[in-house]
Structures are given as C-alpha cells and as structure tokens.
Protein chains: 2
Amino acid sequence: MRQTHLFTKTKKEAPADEVAKNAALLIKSGYVFKNMAGAYTFLPLGLKVIDKINSIIREEMDAIGGQEMHMPTLQDPSLWQSTDRWSDDNVDVWFKTELKAGGEVGLAWTHEEVITNLMRQYVSSYKDLPLFAYQIQTKFRNEMRAKSGIMRTREFWMKDLYSFCATQEQHDEFYEACAEAYMRIFNRIGIGKMTYRTFASGGAFTKFSHEFQTLAEAGEDVVYVNEAKNIAVNEEVLEEADLTELGVTREELTERKSIEVGNIFSLGTKFSEAIGLTYKDAEGIDMPVIMGSYGIGPARAMGTIVDLLSDEKGIVWPESVAPYKAHMIGLNGDDSEIRDYTDGIYSALQKRGVEVLYDDRVEARAGEKFADSDLLGMPYRVVVSRRSKENGKFEVVTRATGETRELTEEEMFADFTDS
Amino acid sequence: MRQTHLFTKTKKEAPADEVAKNAALLIKSGYVFKNMAGAYTFLPLGLKVIDKINSIIREEMDAIGGQEMHMPTLQDPSLWQSTDRWSDDNVDVWFKTELKAGGEVGLAWTHEEVITNLMRQYVSSYKDLPLFAYQIQTKFRNEMRAKSGIMRTREFWMKDLYSFCATQEQHDEFYEACAEAYMRIFNRIGIGKMTYRTFASGGAFTKFSHEFQTLAEAGEDVVYVNEAKNIAVNEEVLEEADLTELGVTREELTERKSIEVGNIFSLGTKFSEAIGLTYKDAEGIDMPVIMGSYGIGPARAMGTIVDLLSDEKGIVWPESVAPYKAHMIGLNGDDSEIRDYTDGIYSALQKRGVEVLYDDRVEARAGEKFADSDLLGMPYRVVVSRRSKENGKFEVVTRATGETRELTEEEMFADFTDS
C-alpha cells in the first residue's frame, strides 16, 4: 500500500479526551476514530489488525471442531424471560428499543439463550453431540461508563463459542481443549507470556471457572500471581482452602493489575433446562444438554497488545497481527531516478508476497517519516535512498528491538519471505 | 466437511410461516434459521455463502481503489440533526434507545453522516482526493413489515462505499467505475444476465441515478425493460422526455417484477456542506467535497440467487458462491471396506484443495441422500459406491443441468481443480 493512497494520516498530538494509552496511540496513528464514548470506527489499518486477530481465532476454533455461524442482534423478550435475564433488575446492560410494528426488542449482549433455542432444531439424539458452534459478531452493552479506550466499549466484536455435550466427560474434554486453544491464540498474537489462565469461583456447576488475565498496568482487574509456579487466581479464590487445593499459599502470590482477555464458563444444564434443549440417550431417555460458553473480544485483544507492547515512540505490532510486515521509507523522492528505483523495490517486495506499506511521500522530511514509522509500528522498517541505489544495500530496522542491519536486496527478500 | 459433523440437518417440510421462496428453501435446507420476523441466523453453510459473496465484493471494491474500514452502529443524535435526518418525521426506519449514562442514541441505518464527519480529520487539500472508503457492516432498519425472507429484514449486512471527490469529473469517473464493478459482482455471483443497471430519477444533483434491478417473479419492485436494447428504467423515468433521451419508447418496454440488488447515488455536496467537509483547492480556496454512496446487501444477493436459480428439487448454487464445490455421496457405507475406500477418495479430494461436503451417513438411504444433495445445491454431486471401487469410476452430476458423467478418479480430480 502506498501511504499517499491511504486516506488516514498520523496526528502530531494524541487526542486530549483519551486517558487510555491504547486509544490515544491508535487515534494518533490513524488506526481508529472515536465516534462517541464507547463507539469507535476501525480505520483501514485498524481493521487489518482486527482481521488478522480474527483469522488466528478462527483457525484455533476450527481446529478444535468449532463451526462458524452468525446470530442476530435483535432479540424478542420471550426467550430471555424464560431464563430470567430480560428484566433490567437482573441484567443492567440491556439496550432496549421498540419495533415500529409493535413490541419491545433488545440488542443481544450475549447469545446463550439464542443458540440454545436454535439447537432445539438440530439436537435430538446423543449421536448429535458433542457439537461446538461459534460466531464473531457485534455485542451491545449499555455500560454506565465506557472506559479503557477500545477495551470497554458499548458495542464490540466478540468471538463467542458455545459447546453442547451429552456427558460431563465430553464437556470437560472440550473445556480443556478450548482453554489450550485460548493460550495458543494469546501466544500467537504476542501476549502469551503475560497472560495467565486464572482461577475464579466456579458457580453452581464446577469448583473453579477460568479467566484469561493479561498482566498490565492499564488493567481494570486485579489478580494474584506466582510467576515461578505459573499460577494466578482472582479475588474470589483467595481463601485458604481454595489456595491449598491449588498448591499455593497467600504469601507466594503478588497482587497485579490485569486485563481480562478471555473467559470460559461451564454452564451445566441451566440454559438447556430453562429453554428445553434435550437429547435422547442410548436408552431413549430425554436428558438436558450440558453446555459451556467461551469468549474473546478481538478489539480488547488489540488494545491489550498496544497497552503492553508499545514504547515511548509508538506502537510495536507483533508480526502475526501487524497490518503490514514492512514499512518501506522512500528517501530522496524528489529525484525521479531514485523514486523509480524505490518504486521498483516496492514492486519486487509485493511480487514476493511481502505485505508492505510504502511511504512514498515526496514532501515529507526523513525525520517525519521515521517518526511516523515508529508510531505506526510495523515490525520492520526498510529505508531506500540514494545510497541504496549506489551500494545496493538497505537499512532494515527491527521495530521491537531497534536492531539495525544493512541487507542486500536478496538478503532482505530472503529475510522477509522466510517465516 | 463430513456431513455427520455438520450440526445442521435438512428438514422434511418447508416452514409453514415463510411465504418467501428464498427463506423457505434456506430454512428447510439448514442454511438459515429464523429468530424472529426480520432477524435471521446464518448457519455454517449459509455463512459460507455470505463469506464468498463478501470476498467477491471486496475484490471488486479493492480493485477500484476502495479502502475497507468499519464504522459503529450506535449514533449520537447531533450529527444527524445537522442533516435533518434524526427526526422520525423525516426518517421512518430509526431504532432509537437510551444510554444508561443518559441521552438518546440511534442504530445506524446508513452511514453518510458518520463518514462525512470522520473524513473531516483526514481531508484538507485537493491532494487528498479522490478517496473511496467502504465497509461490510450490519445496518438496522425499523421496517413496519419485514418481508421477502432474507431480502427485507430489520438487521442486515450492507456493503456501503462512499466516494469523496474534488471535481465533478473525478466523481463521474468513479461513479462509472463503480457501476461497472457492480455488474462484475452480479456476473460473478451468477445473477448478471437478469440484472439491469436501471435508470431512476436523479434528484438534485444528476439527471438520472441508477439502481441495479434483477428480474424475478418474487421481486417487490417493478421495472420496465427492453432486453434487446439492454435497457431498463423504473417508474420515475417513464415520462416521454426521459425515455426519448434514453433512446427508447414506452411501447418497447415490458413491465417486469424485480429485486433491487444494488444502488448508486450521486450525493453532490449535500452532506459535505451540512457537516463541513471541505478541501482547499489549488488556489487555497475552501470547497465542499463532492460525494457519492454505493450499496449492496450481501444477504439480499444471496436470497436473489436462491429465488432465481433454484428448481423444484432445491437450491442451485453457482460455483462462485457455493459453500462446497462438490457434494460427495457415500453409498454402501455399512461395508467397512467400501467406507474406507470412500474416506480415501474424500481425503484425496481435500488434499487437492477441492471444497467437498461428504455425506458419510451410514444409516441414511441412497434416495434420502440424493434428495438432500439436490436440496442443498452444491454444483457437483459425486457418488462413491461399491461399483466405484470395482470399476474405478464415479458418477458426477452437474446440479444446474442434470448432466451425468462417469469419470475416473484422475478425470474427476482434473475436472475439479481445473477452474
């Protein structure tokens, strides 16, 4: 992509009304635009990051047997009344509105009721189970206070997977497989090292449930961590009996701020019993389906990456989610011979399938281009200048480490197409 | 995909409450599920069709310079008040709701105001223009009556592109490029032959605007067509002066029912003047940006394909949008030797990158499998049976034409990986 074709631009200053580092940086660099409190536009560069995160999530969900689908936002009250989750007294994040044709509808803030009802069409026998279905879809939550930039908004993408099992054994097996898939996702998007599968209280169906918490100063949550033992618990699990069961003492745990980047719930038969989702077992007896739900917010993951990995110069994207692998800076573009040469290198990179953003601005100074490149945060910066044309070498700087190398064209191509 | 792993199933009967052929067939075959009037779930097979339509749309929009982004649903009233489109008296499809934090918000039914306001951040000079931005995003419209199955719903995906130009010449050039891209899209998804770029009244800015209308008995619209002259007009353009300008007479036109599958609008400076989107021209004078908007509904396109191409046995997908290219029917699966052989053919097809749905059910009868296959509508049906193992030949039936061929394994592989 030629930077002169990209309609967004970087700004000199961070927006005055954003306290969250993630949103401040993402707005300054032109990845997102704030429409109102809790509602953001994902601009072309920002949507590319979301698409890459979503691709990784899809790969991992498909690998454990997930089938992707898409459920609607608009909700008829009756379904939610059957589980006592329609009333504003019980659920305080509903957006509700009126149909012109008459009747109230709500905007879905989750989809347990919807998918449980839908599965009544397709599940009748134990032979239909287990099954796993997911979507990446927009949720609406009427938060009293939108905060933490793109991390707690009033509308947001959610990957929500729901599991349907005949036996507790089937459920436990999938629950573990999904927890492992979640850790693979967090590793692949570059926040795995700081992310803990955290023990939380389990509710009616299990001793413990699990949250995925990423240690970060900007976090809204608090967890208690022992890095050596690779264990984290939340406040609910700080009691001695629980800790003993987990093989850790209160003294060994350190309090840390964190961001909840994922959660997994055993739902038991709460929804299947309320809504009437049953299967016939091998003896022909009707049994309620055992369910689980598993959530990740792609934009929250994006915000976490920015909060965690950026530095004083700007964003630092891991290769797996960067909009472009390389940011090519063309210098001496006022000399048409150099510009043609630089255009040629850009074409050659593209031909080899390297995703490259090309700063082809003629008027911008070198310092401005370098500062923009640091702010935008592509993994590699490549400088092409008069000197490159003379000696056939390119300065390649790794954004994360600052490592600088002088590579020939062939070395650079090999490096970029290797992984 | 093994059919026993797919969680959806076909139904014996079409749903009683669906008059629209598209929804009746799509529900019966397990592509969509109706949640309430005007709100549908796209099940795994249905979402695959939408994804393929969206990929084609993206390719064509990217090819004419479109940059993809994603704008929010929730809308602050103030922007829409500036163009007089907030009041229910002026716009009768708003869903409006209240923020818990105080204040009314609306659910976006289009995004002209939003993107015009956003572009004020990025457009300042004629050098920034022209630019073209689009999204594929969910719109909400509070229709008095949801109808025509998945074609007129209360929430639906829309590809909406907006163009921003400095001169009328730039605008006209893009408008034409987009109209041609639209015809390429409709050709690629299999409805091009029946789709006309239809003349409609142009409003304040142009003599004519254009709708893309697909001739179909199930259509809600009416157009007047001359197939030989390859021209269609809508009711607004039936006056003699207009027709003369278009080189056609009223007598040469036949009235036909049709589905509006796309529209393109010249917006002039209506939104840029109201919201204050200007650019400095070469002389440094502030000028309002000239805009256009261009919409296609992917689910409406899907419904149109079903309405137009299905037959008495079921759906007939064009290859470009079919969830799978081939539907492999395994017969004699109660014989484990035959089943292993059939599994082998399935693996071999997958290894060659052929998208294949494999009916691996052991208990279902052959007749049931063939009926399901016709209903589901993949372009090619492949039968693998005891006979195939004996003589190395497979019956390949083309769904659209009924053409039946006996192919060897190599012939079949070559045929399926050719295009």
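Remember, it's a predicted structure, so these values are computed and weren't measured experimentally.

Description of the overall build of chain A
For step 1, the next point in the chain: Scanning chain A from N- to C-terminus turns up 12 helices and 21 strands.
For step 2, the next point in the chain: Its C-alpha atoms give chain A principal-axis dimensions of roughly 80 × 60 × 45 Å.
For step 3, the next point in the chain: Every one of the 419 residues in chain A was classed for burial, and the buried ones make up 48%.
For step 4, the next point in the chain: Taking contacts inside chain A between residues at least 6 apart in sequence as the whole, the part at least 24 apart equals 68%.

What about the nonpolar core?
For step 1, the next point in the chain: Core analysis: the biggest nonpolar cluster contains 240 residues, and A:Val32 and B:Val32 have the highest contact counts within it.
For step 2, the next point in the chain: Looking at this core, the element that brings in the most residues is helix α2 (residues 44–63) of chain B, giving 8 residues.
For step 3, the next point in the chain: Ignoring sequence-local partners within four residues, the contact set of B:Val32 consists of B:Ala23, B:Leu26, B:Ile27, B:Tyr40, B:Thr41, B:Phe42, B:Leu43, B:Gly46 and B:Ile150.

Considering the relation of the copies chain A and chain B
For step 1, the next point in the chain: In the superposition of chain A on chain B (RMSD 0.0 Å, axial shift 0.0 Å), the rotation amounts to 180°. With respect to symmetry, the two chain copies, as superposed, fit the operation of a two-fold axis. For chain A, the residue whose C-alpha comes nearest the rotation axis is A:Thr97, separated from it by 2.6 Å.
For step 2, the next point in the chain: Mapped onto chain B, 100% of the interface residues of chain A again fall at the interface, so both copies present the same surface.

Digging into the domain arrangement of chain A
For step 1, the next point in the chain: Segmentation of chain A into domains returns domain 1 (21–73 + 108–309) and domain 2 (326–418).
For step 2, the next point in the chain: Between the C-alpha centres of domain 1 of chain A and domain 2 of chain A the distance comes to 39 Å.

Side note on the environment of A:Met71
For step 1, the next point in the chain: Its location among the elements puts A:Met71 in the loop between β3 (67–68) and β4 (74–75).
For step 2, the next point in the chain: Among all residues touching A:Met71, those that are not within four sequence positions of it are A:His111, A:Val114, A:Ile115, A:Gln135, A:Gln137 and B:Thr41.

A short note on the interface of chain A and chain B
For step 1, the next point in the chain: At the junction of the two partners, chain A supplies 40 residues and chain B supplies 40 residues.
For step 2, the next point in the chain: Every element with two or more residues in the side of chain A that touches chain B is listed here: β1 (32–36), β2 (39–42), α2 (44–63), β3, β5 (95–98), α4 (112–119) and β7 (131–140) of chain A.
For step 3, the next point in the chain: With 4 residues, the top contributor of residues to the side of chain A that touches chain B is β2(A).

Details of the sheet that holds β4(A)
Residue and element names in this part refer to chain A.
For step 1, the next point in the chain: Pairing in this open sheet of 3 strands is antiparallel, and the strands run β4-β6-β5 from one edge to the other. Of all the strands in the sheet, the pair left with one neighbour each is β4 and β5.
For step 2, the next point in the chain: Here 2 bridges tie β4 to strand β6 (residues 104–107), and the two strands are oriented antiparallel to one another. Among the inter-strand pairings, Leu74 is bridged to a residue of β6, identified as Leu107.

Describing the environment of A:Val19
All names here are of chain A.
For step 1, the next point in the chain: In this structure, Val19 sits in the segment before α1 (21–28).
For step 2, the next point in the chain: With 11 C-beta atoms counted inside 10 Å, the residue Val19 sits in the exposed group.
For step 3, the next point in the chain: Separated by 289 residues in sequence, Val19 and Leu308 place their C-alpha atoms 15 Å apart.

Quick notes on helix α5 (residues 168–188) of chain A
Note on helix geometry: an α-helix contains 3.6 residues per turn, so any two residues three or four positions apart are oriented the same way.
For step 1, the next point in the chain: For α5(A), built from 21 residues, the straight-helix expectation of 30 Å at 1.5 Å per residue is met to within 8% by its first-to-last C-alpha distance of 30 Å.
For step 2, the next point in the chain: Within two residues after α5(A), A:Gly190 carries a phi angle of roughly 95°, on the positive side.

Here's the deal with the sheet that holds strand β6 (residues 104–107) of chain B
For step 1, the next point in the chain: Taken in spatial order, the 3 strands make up an open sheet running β4-β6-β5 (chain B), and their pairing is antiparallel. Lying at the two open borders of the sheet, with one neighbouring strand each, are β4 (74–75) and β5 (95–98) of chain B.

Side note on the pairing of strand β21 (residues 404–408) of chain B
Residue and element names in this part refer to chain B.
For step 1, the next point in the chain: Direction of pairing for strand β20 (residues 393–398) relative to β21: antiparallel, over a ladder of 5 bridges. Bridging from a neighbouring strand, Val396 pairs with Arg405 of β21.
For step 2, the next point in the chain: Linking two consecutive strands that pair antiparallel, namely β20 and β21, is a turn of 5 residues; a positive phi of about 80° is found at Gly402 within it.

Describing the pairing of β20(B)
For step 1, the next point in the chain: Direction of pairing for strand β19 (residues 380–384) of chain B relative to β20(B): antiparallel, over a ladder of 4 bridges. Bridge assignment links B:Arg381 to a residue of β20(B), and that residue is B:Val397.

Side note on the confidence of the model for chain A
Interpretation of the predicted coordinates at a detailed level should be avoided for regions scoring low in pLDDT.
For step 1, the next point in the chain: Averaged over chain A, the pLDDT score is 96; the fraction of residues at 70 or greater is 99%.
For step 2, the next point in the chain: Across the interfaces of the predicted complex, the ipTM metric reaches 0.97, alongside a pTM of 0.97.

Looking at the packing of helix α1 (residues 21–28) of chain B against helix α8 (residues 298–309) of chain B
All names here are of chain B.
For step 1, the next point in the chain: Contact geometry for α1 and α8: axes closest at 8 Å, N-to-C directions at 95°. Comparing their axes, α8 and α1 come out roughly perpendicular. Facing α1, whose interface residues are Lys21, Asn22, Leu25 and Leu26, α8 presents Gly303, Val306 and Asp307.

Regarding unusual backbone geometry
For step 1, the next point in the chain: Cis geometry marks the peptide bond from A:Leu129 to A:Pro130; its omega dihedral reads 0°.
For step 2, the next point in the chain: Of note, A:Asp84 is a non-glycine position whose phi angle comes to about 65°, a positive value.
For step 3, the next point in the chain: Along the polypeptide, A:Asp84 turns up in the loop between α3 (77–81) and β5.
For step 4, the next point in the chain: On the basis of neighbour count, A:Asp84 is assigned to the exposed category, with 11 C-beta atoms found within 10 Å.
For step 5, the next point in the chain: Positioned with a positive phi, B:Asn230 is a non-glycine residue whose angle comes to about 55°.
For step 6, the next point in the chain: Turning to its location among the elements, B:Asn230 is positioned in the loop between β11 (221–226) and β12 (231–233).

Let's talk about the packing of α2(B) against helix α5 (residues 168–188) of chain B
Residues and elements named next belong to chain B.
For step 1, the next point in the chain: Where α2 meets α5, the closest approach of the two axes is 10 Å, and the angle between their N-to-C directions is 155°. Taken as axis vectors, α2 and α5 run roughly antiparallel relative to one another. When the axes of α2 and α5 are compared, the crossing they make is right-handed. Of the residues in α5, those touching α2 at Ile56, Ile57, Glu60, Met61 and Ala63 are Ala181, Arg184, Ile185 and Arg188.
For step 2, the next point in the chain: Grouping the amino acids of the contact of α2 with α5 by side-chain chemistry returns 6 nonpolar, no polar and 3 charged.

Comments concerning the environment of B:Lys147
Residues and elements named next belong to chain B.
For step 1, the next point in the chain: Assignment of secondary structure puts Lys147 in the loop between β7 (131–140) and β8 (155–165).
For step 2, the next point in the chain: Using a count of 15 C-beta atoms within 10 Å as the deciding quantity, one classes Lys147 as partly exposed.
For step 3, the next point in the chain: Between the alpha carbons of Lys147 and Gly38 there is a distance of 7.2 Å; along the sequence they are 109 residues apart.

So, how was this worked out
- Residue indices begin from 1 for each chain and proceed along its sequence in written order.
- Numbering of ligands from 1 and lettering of chains from A proceed in the order in which they are written.
- Whole-chain, interface and lining totals are the exception, using all residues; otherwise, since this is a predicted model, local features are given only for residues with pLDDT of at least 70 and side-chain atom pairs are given and counted only at 80 or more.
- Only runs of H or I of at least four residues qualify as helices and only runs of E of at least two qualify as strands under DSSP, and these elements are numbered from the N terminus.
- Whether a residue is buried, exposed or partly exposed follows from its count of other C-beta atoms within 10 Å of its own C-beta, namely 20 or more, 12 or fewer, or something in between, respectively; the C-beta atoms are built from the backbone.
- C-beta atoms are first placed from the backbone for all residues, and any pair lying within 7 Å is then listed as a contact.
- Nonpolar core, as used here: buried Ala, Val, Leu, Ile, Met, Phe, Trp, Tyr and Cys residues forming one set through C-beta atoms within 7 Å.
- All copies are superposed by least squares; the fitting set is the C-alpha atoms of residues with a pLDDT of at least 70 in both.
- Where each domain begins and ends is defined by an automated method or by a domain database.
- By the convention used here, strands pair only if DSSP detects at least 2 bridges between them.
- A helix's residues, less one, multiplied by 1.5 Å, set its expected span.
- Along the chain, pLDDT gives the predictor's confidence residue by residue, from 0 to 100.
- Orientation is described by lines fitted to C-alpha atoms, with helices fitted over the stretch in contact, and by angles between N-to-C directions that extend from 0 to 180 degrees.
- Working definition: roughly parallel below 35 degrees, roughly antiparallel above 145 degrees, roughly perpendicular at 65 to 115 degrees, and oblique for all remaining angles.
- Handedness of a helix crossing follows the sense of rotation of the near helix relative to the far helix, less than a right angle counterclockwise being left-handed and clockwise being right-handed.
- As a working rule, the residues Ala, Val, Leu, Ile, Met, Phe, Trp, Tyr, Cys and Pro are called nonpolar, Asp, Glu, Lys and Arg charged, and the rest polar, with Gly in that last group.

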